Amino acid sequence: MSSHEMSAERPWGRWSVLDEGPGYKVKRIEVSPGHRLSYQTHEHRSEHWLVVAGTATCIIDGETVVARLGEHVDVPVGAAHRICNNGDEQLVIIEIQRGHYTGEDDIVRLEDDYSRCGTS
């Protein structure tokens, strides 16, 4: 997978890069109702999630945080995390990644509903 990929369809929804530069990347993430991303970690980046539609059920190092419209969640570098859409409407999150490397291959999947565990 290219570290310069600008958008992708996933089994849980889709994402697209809105902007990126040295030390950061901004993505729009859509999660379909009843779906969730893998439980994963990143070695090189932190993430900040802002909910712009729907409700996000977030798992951060085993703790559940529910973020509603306009609320945000911080994910430190190395923290295991997952976004879940337990609602019946599309979940849309703006994600700001910060770190010296923000490539799509900086993912270690710990659990995954779509049999994609391991290093990306």
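Residues numbered from 1 in each chain as written. Predicted model: local features only at pLDDT ≥ 70, side-chain atom pairs only at ≥ 80, totals over all residues. Heavy atoms only, no water.

K.L.:
I tried to follow the overall build of the protein on my own but got confused; where do I start?
P.N.:
Assigned secondary structure in the protein consists of 0 helices and 12 strands. Of the regular secondary structure in the protein, the N- to C-terminal order runs β-β-β-β-β-β-β-β-β-β-β-β. For the protein, the spread of C-alpha atoms along the principal axes amounts to about 35 × 30 × 25 Å. A burial count over the protein gives 44% of its 120 residues as buried. Within the protein, contacts between residues separated by at least 24 positions form 65% of all contacts whose residues are at least 6 apart in sequence. Summed over its atoms, the accessible surface of the protein is roughly 6000 Å², and 51% of this surface lies on carbon and sulfur atoms. (Helix = DSSP H or I, 4+ residues; strand = E, 2+ residues; numbered from the N terminus. Buried < 20%, exposed > 50% of the residue type's maximum accessible area, 1.4 Å probe, protein only. Contact = heavy atoms within 4.5 Å. Areas by Shrake-Rupley, 256 points an atom, 1.4 Å probe, with all protein chains shown as cover.)

K.L.:
Please clarify how the sheet that holds strand S1 (residues 7–10) should be interpreted in this entry.
P.N.:
Backbone-to-backbone hydrogen bonds join strands into a sheet, with any given pair of strands oriented parallel or antiparallel. As summarised here, the arrangement of the 6 strands in space is S1-S2-S3-S10-S5-S8, forming an open sheet in which the pairing is antiparallel. On the outer flanks of this sheet lie S1 and strand S8 (72–75), each paired with one strand and no other. Ignoring strand direction, the axes of neighbouring strands in this sheet form an average angle of 20°. For S1 and strand S2 (residues 13–21), the ladder comprises 4 bridges, and the chain directions are antiparallel. In the sheet register, Ala8 faces S2, and the bridge partner there is Trp15. (Pairing = 2+ DSSP bridges. Axes fitted to C-alpha atoms, helices over the stretch in contact; angles between N-to-C directions.)

K.L.:
Sorry, what's going on with empty space enclosed by the protein here?
P.N.:
One pass over the full model with this rule turns up 1 cavity of 30 Å³ or more. Put simply, the largest cavity is a space of about 220 Å³. Lining the largest cavity we find 23 residues, and of these Trp12, Lys27, Leu37, Gln40 and Ile107 sit closest to its centre. Per-element accounting of the lining of the largest cavity gives the leading share, 3 residues, to strand S9 (residues 81–84). Residues of the lining of the largest cavity, tallied by class, amount to 8 nonpolar, 6 polar and 9 charged. (1 Å grid on protein atoms, 1.4 Å probe; cavity = no way out; pocket = protein on both sides within 12 Å on 5 of 7 lines; lining within 4 Å. Points joined across faces, edges and corners; volume = space filled by probe spheres on them. Nonpolar A, V, L, I, M, F, W, Y, C, P; charged D, E, K, R; others polar.)

K.L.:
Explain the environment of Gly87 to me, please; I cannot follow it from the model alone.
P.N.:
Tracing the backbone shows Gly87 in the loop between S9 and strand S10 (91–98). Along the sequence, Gly87 and Pro22 sit 65 residues apart, while their C-alpha atoms lie 35 Å from each other.

K.L.:
Looking at this structure, I do not really get the nonpolar core. What am I missing?
P.N.:
Generally speaking, nonpolar side chains in soluble globular proteins are found buried as a group. If you look at the biggest cluster of nonpolar residues, it comprises 19 residues, and the most contacted ones within it are Val31, Trp49, Ala56, Ile60, Ile83, Leu91 and Ile93. Ranked by residues supplied to this core, first place goes to strand S6 (residues 56–60) with 3 residues. (Core = buried A, V, L, I, M, F, W, Y, C linked by side-chain atoms within 4.5 Å.)

K.L.:
How should I be thinking about the environment of Gly103 in this particular structure?
P.N.:
Here Gly103 lies in the loop between S10 and strand S11 (108–111). Between the C-alpha atom of Gly103 and that of Tyr24, which follows or precedes it by 79 residues, the distance is 10 Å.

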